[in-house]
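Chains, contacts and geometry: an overview
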Amino acid sequence: MPSYTAPTRDIQFVLQDLLAIARSPVPGHAELEPDFTAQVLEEAGRLSMEVLAPLNAVGDRQGCRLENGVVRTPEGFREAYRQICEGGWIGLDCDPDYGGQGMPYVLNCAVGEMFVSANMAFNMYQGLSHGAISAIHAHGSEAQKATYLPKMIAGDWSGTMNLTEPHCGTDLGLIRTRAEPQDDGSYAITGQKIWISAGEHDLTENIVHLVLAKIPGGPEGVKGISLFIVPKFLVNGDGSLGDRNGVTCGGLEEKMGIHGNATCVMHYDGARGFLIGEMHKGMRAMFTMMNEARLGVGLQGLAQGAVAYQNAAAFARDRLQGRDATGARNPDGPADPIIVHPDVRRGLMMQKSFVEGGRALVLWGASLIDAAHAGDEDAEALVSLLTPVIKGFLTDKGFETTVLAQQTLGGSGFTREWGLEQFVRDARITMIYEGTNGVQSLDLVARKLPAKGGKAVMAFFEMVKSFCKENDTEEMAAFTGPLKAASKDLQAAGMYFMQEGMKNPNAALSGSYDFMHLFGHVALGLMWARMSKVALEKRAAGEGDPAFWQAKLATARFYMARQLPATALHLSRIRSGAEPVMELAEEAF
């Protein structure tokens with residue numbers, strides 16, 4: 001069975017030493033004093049290790065069952081869910097006016113990593129609710145917020161988002177679900193939605209579905225989409241539950257992973273729905289959920305990589321096989337632990353450098369969201385630019401990390417007993433849902449990169465340039481030198497798109513996936529350079545554990561020397577243009 005140890009020390013390092021969150025001018029961040037965040041992280045870590053992690057394999061083995069229209073979640077899930085609710089974890093960063101604790105989003109993400117590492121399928125139930133809460137809070141009427149938010153934040157009711165239909169996924173302009181206006185101001189919702197995570201379950205007494213549908217007579221395509229609240233049970237005027245609504249679960253998907261989460265086919269048969277936000281402006285309201293969800297999925301990729309790495313490192317320290325090429329390290333035993341072998345170390349360093357760099361990137365992104373919520377337009381533009389990178393790059397690399405971890409265990413990694421194969425299967429979905437990673441790369445190049453004349457990406461370039469200039473010292477050269485070279489590759493790729501994209505769009509689109517990865521490496525490079533600066537300063541001042549700072553610096557040097565040079569490969573692919581991709585005739589495939 002796999003194990004999980006909450007990485008509270010490293011998360012605390014990112015929050016307090018790297019981001020200096022308690023000294024941040026962003027509203028709410030000053031409350032995140034080191035002692036306070038340590039207490040929150042320790043309690044969340046305890047729940048993760050003692051309650052959620054033991055149910056991870058249980059959920060994978062048992063899955064969910066559909067019985068007479070009701071989905072039964074795996075053994076222990078209901079009890080664990082009540083503990084999450086009683087601790088107030090669902091509303092950690094939600095509005096206190098509706099029962100939330102009002103903490104910054106960055107703290108919610110820090111806690112979320114541990115919950116996802118411990119049990120990704122379980123955490124999806126509350127994760128989908130959080131997105132629905134955000135959408136209703138941002139776009140709902142005062143009456144809607146008063147009706148739904150207190151119950152959802154308390155965890156008594158859960159939430160979903162319903163986008164995809166059998167004939168359309170990314171191209172939502174093709175949806176057929178319709179919303180017929182009724183005399184009382186409500187709408188009759190009719191249609192089918194598929195792949196609805198947590199669409200039906202037995203954890204809460206009500207499920208509040210947010211459903212995209214078209215009102216007859218509206219504009220064609222996405223301009224005619226509206227968003228509706230469609231509760232499983234209608235809500236009476238006094239807040240009590242009324243009649244069952246016309247929404248049912250028609251089936252459960254048999255999936256590669258995340259077996260503990262119910263992925264449902266949902267049927268809406270004249271269900272009573274209530275318009276949220278403006279008519280025909282549903283996409284704007286839904287993207288409140290989507291943007292949060294995409295950052296959350298990036299976090300999922302990181303979190304699965306993190307728990308897989310932990311188990312790989314533990315195995316490598318214990319597994320005896322072969323001898324160190326430079327001399328026996330365990331002379332009294334029959335062999336040395338495999339961690340002494342360079343190729344095993346290479347794989348572990350790839351895992352460790354990604355996990356710790358990715359953790360810093362996600363929490364930095366979350367802190368930018370806090371700043372954006374406070375009205376910082378520059379932060380909003382930067383996190384909008386980074387969102388497809390965080391989602392796409394971190395899930396690609398997170399899955400790759402789980403595979404590397406599985407490989408570390410050799411044949412044991414291929415068996416269910418050790419649990420690594422579940423991390424691989426669960427991580428795989430992160431590259432697909434909430435917009436496939438190919439779609440993320442297209443969004444990055446076609447929409448985010450040129451937005452407002454490229455203001456956000458130019459600000460990012462200046463951020464990297466300024467950091468390198470301000471830290472032009474001998475001891476930082478091992479970190480700033482590779483970062484400067486990688487940043488130049490990123491700028492060169494952006495320039496290529498500007499020069500070639502207008503006259504040949506396929507030239508830019510063929511290189512978009514490489515650009516997303518190029519950007520991701522530079523972003524992690526910036527994180528590692530910043531972490532290195534902190535580690536050097538803390539070590540010089542004699543603060544903290546010297547071994548911790550030494551490990552940070554060694555891992556940073558690995559990333560700079562062995563991972564960051566990948567930017568040159570991505571740039572070369574981008575510059576090859578569209579021809580290698582588009583030359584082959586369609587019938588030749």
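A short tour of the structure in this document, coming up. (Residues numbered from 1 in each chain as written. Predicted model: local features only at pLDDT ≥ 70, side-chain atom pairs only at ≥ 80, totals over all residues. Heavy atoms only, no water.)

**A short note on the overall build of the protein**
As a reminder of what qualifies: Working definition: helices are DSSP H or I runs of at least four residues, strands are E runs of at least two. Numbering for both runs from the N terminus. The quantity called the radius of gyration is restricted to C-alpha atoms. Its globule counterpart is 2.2 Å times the number of residues to the power 0.38. Type-normalised accessible area, obtained with a 1.4 Å probe on protein chains alone, sets the label of each residue: buried when under 20%, exposed when over 50%, and partly exposed for intermediate values. Any pair of residues with heavy atoms lying within 4.5 Å of one another is described as a contacting pair. Surface accessibility in these figures is a Shrake-Rupley result with a 1.4 Å probe; residues are shielded only by whichever protein chains are displayed.
A count of helices and strands for the protein gives 19 helices and eleven strands. The C-alpha radius of gyration computed for the protein amounts to 24 Å, which stays within 12% of the reference 25 Å derived for 589 residues, consistent with globular compactness. On the principal axes, the C-alpha backbone points of the protein span a range of 80 × 60 × 55 Å. Buried positions account for 57% of the 589 residues belonging to the protein. Considering only intrachain contacts with a sequence separation of at least 6, the fraction spanning at least 24 residues in the protein is 73%. For the protein, the accessible area works out to roughly 24,500 Å², and carbon and sulfur atoms hold 52% of it.

**Notes on the pattern of salt bridges**
Convention followed: Any Lys or Arg side-chain nitrogen found within 4 Å of a carboxyl oxygen on Asp or Glu counts as a salt bridge.
The full count for this structure, using the stated rule, is 30 salt bridges. The residue Glu-180 makes a salt bridge to Arg-178 at a minimum N-O spacing of 3.7 Å. For Glu-180, a relative accessible area of 32% puts it in the partly exposed group. Between Lys-397 and Glu-400 there is a salt bridge, and its shortest N-O distance comes to 3.3 Å.

**Notes on the packing of aromatic side chains**
Worth spelling out the cut-off: A pair of aromatic rings is counted whenever rings of Phe, Tyr or Trp (Trp by its six-membered ring) have centres within 6.5 Å, and the orientation is called stacked for planes under 30 degrees apart, edge-to-face for over 60 and tilted otherwise. Here, a charge over a ring is recorded when the distance from Lys NZ or Arg CZ to the ring centre is within 6 Å and its angle to the ring normal is within 35 degrees.
In this structure the tally under the stated criterion is twelve aromatic pairs. Put simply, the rings of Phe-460, Tyr-496, Phe-497, Phe-515 and Phe-519 pair up and form one aromatic cluster. One residue, Arg-9, lies across the ring of Phe-548, its end atom 4.0 Å from the ring centre. Over the ring of Trp-364 we find Arg-530; its NZ or CZ atom is 5.0 Å from the centre of that ring.

**Focus: the environment of Tyr-125**
Structurally, Tyr-125 is set in helix H6 (residues 120–139). Between the alpha carbons of Tyr-125 and Asn-206 there is a distance of 13 Å; along the sequence they are 81 residues apart. Not counting the four nearest positions on each side in its chain, Tyr-125 is found in contact with Cys-64, Thr-73, Phe-77, Ala-198, His-201, Leu-203, Gly-260, Asn-261 and Ala-262.

**Remarks on unusual backbone geometry**
Even without glycine at this site, Asn-68 takes up a positive phi of about 55°. Here Asn-68 shows up in the loop between strand E1 (65–67) and strand E2 (70–72). Even without a glycine there, the phi angle at Ala-198 is positive, about 60°. Of note, Ala-198 is situated in the loop between strand E5 (187–197) and strand E6 (206–214). For Ala-198, a relative accessible area of 1% puts it in the buried group.

**Considering helix H5 (residues 105–118)**
In an α-helix, one turn spans 3.6 residues, which is why side chains three or four residues apart end up on the same side. Here is the rule we go by: By definition here, a helix of n residues has an expected span of 1.5 Å times n minus one.
Taking 1.5 Å as the rise per residue, H5 with 14 residues should run 20 Å; its terminal C-alpha atoms sit 20 Å apart, in good agreement. Most of H5 sits out of view: 14 of its 14 residues are buried.

**A short note on the state of the cysteines**
Basically, it comes down to this: Sulfur atoms of two cysteines make up a disulfide when they are within 2.5 Å.
Under the counting rule described, the total for this entry stands at zero disulfides. Of the cysteine sulfurs around Cys-109, a residue in no disulfide, the closest is that of Cys-94, at 12 Å.

**Topic: the nonpolar core**
Selection criterion: Throughout this description, the term nonpolar core refers to a set of buried Ala, Val, Leu, Ile, Met, Phe, Trp, Tyr and Cys residues connected via side-chain atoms within 4.5 Å.
Membership of the largest hydrophobic core comes to 176 residues, with the highest contact counts inside it found for Trp-89, Ile-136, Leu-363, Trp-364, Phe-460, Phe-515 and Phe-519. Of the residues forming this core, the biggest block, 18 residues, is contributed by helix H8 (residues 282–318). In contact with Trp-364, other than residues within four places in its own chain, are Leu-19, Leu-382, Leu-386, Phe-460, Met-463, Leu-526, Met-527 and Arg-530.

**Topic: the pairing of strand E9 (residues 241–244)**
Along any regular strand the residues' side chains alternate between the sheet's two faces. Rules: If DSSP finds at least two bridges between two strands, the strands pair.
Sheet topology places strand E8 (residues 233–235) next to E9; two bridges connect them, and they run antiparallel. Paired with Val-235 across the bridge in E9 is Leu-241. Between E8 and E9, which follow one another and run antiparallel, lie five residues, and Gly-239 among them has a positive phi close to 90°.

**Section: the side chain of Asp-489**
Note on placement: Asp-489 falls in helix H14 (residues 477–500). Each residue touching Asp-489, except ones within four places of it in the same chain, is listed here: Leu-518, Thr-567, Ala-568 and Leu-571.

**What about the side chain of Gln-16?**
Basically, it comes down to this: Two N or O atoms form a polar contact when they lie within 3.5 Å of each other; inside protein one atom must be a possible hydrogen donor and the other a possible acceptor, and for residues adjacent in sequence the pair counts only when both atoms belong to side chains.
Topologically, Gln-16 is positioned in helix H1 (residues 8–18). Here Leu-32 takes part through its backbone oxygen, which lies 2.9 Å from a polar atom of the side chain of Gln-16. Leave out the neighbours within four places in its chain, and Gln-16 touches Ile-21, Ala-22, Leu-32, Glu-33, Pro-34 and Thr-37.

**Topic: helix H13 (residues 455–470)**
The condition is simple: Taking the helix axis as origin, the arc is that swept by the directions to the C-beta atoms.
End to end, H13 covers 22 Å across 16 residues, agreeing with the expected 22 Å (1.5 Å per residue, within 8%). Every buried residue of H13 is listed here: Ala-456, Val-457, Phe-460, Phe-461, Val-464, Phe-467 and Cys-468. Down the axis of H13, the sector holding all buried residues measures 145°, keeping them to one side. Opposite its buried face, H13 presents the exposed residues Lys-455, Met-458, Lys-465, Lys-469 and Glu-470, each directed more than 90 degrees away.

**Comments concerning the packing of helix H16 (residues 512–541) against helix H17 (residues 546–563)**
The line we're drawing: For helices, the axis comes from a line fit to the C-alpha atoms of the stretch in contact; other axes are also lines fit to C-alpha atoms, and the angle between any two N-to-C directions lies between 0 and 180 degrees. Between 65 and 115 degrees an angle is taken as roughly perpendicular, under 35 as roughly parallel, over 145 as roughly antiparallel, and anywhere else as oblique. Should the near helix be turned anticlockwise from the far one by less than a right angle, the crossing is termed left-handed; should it be turned clockwise, right-handed. Side-chain classes are defined by residue name, with Ala, Val, Leu, Ile, Met, Phe, Trp, Tyr, Cys and Pro counting as nonpolar, Asp, Glu, Lys and Arg as charged, and the others, Gly among them, as polar.
Relative to each other, H16 and H17 sit at 150°, their axes nearing to 9 Å. Considering their axes alone, H16 and H17 lie roughly antiparallel with respect to each other. As for how H16 packs across H17, the hand of that crossing is left-handed. Where H16 abuts H17, its residues His-521, Leu-524, Gly-525, Trp-528, Ala-529, Met-531, Ser-532, Ala-535, Leu-536, Lys-538 and Arg-539 lie against Trp-549, Gln-550, Lys-552, Leu-553, Thr-555, Ala-556, Tyr-559, Met-560 and Gln-563. Split by residue class, the contact of H16 with H17 holds eleven nonpolar, six polar and three charged.

**Considering the packing of helix H12 (residues 437–448) against H16**
It is the contact of H12 with H16, at a shortest axis distance of 8 Å, that shows an interaxial angle of 80°. Here H12 is positioned roughly perpendicular relative to H16, judged by the angle of their axes. Together, Asn-437, Gly-438, Gln-440, Ser-441, Leu-442, Leu-444 and Val-445 of H12 and Ser-512, Tyr-513, Phe-515, Met-516 and Phe-519 of H16 make up the contact between the two elements. By residue class, the composition of the contact of H12 with H16 is seven nonpolar, five polar and no charged.

**Description of the environment of Ala-427**
Looking at the element boundaries, Ala-427 is found in helix H11 (residues 420–428). Considered as a pair, Ala-427 and Thr-160 are 267 residues apart in the sequence and their alpha carbons are 21 Å apart. Not counting the four nearest positions on each side in its chain, Ala-427 is found in contact with Gln-304, Phe-399 and Thr-402.

**Section: the environment of Lys-469**
Structurally, the position occupied by Lys-469 is in helix H13. Using a relative accessible area of 68% as the deciding quantity, one classes Lys-469 as exposed.

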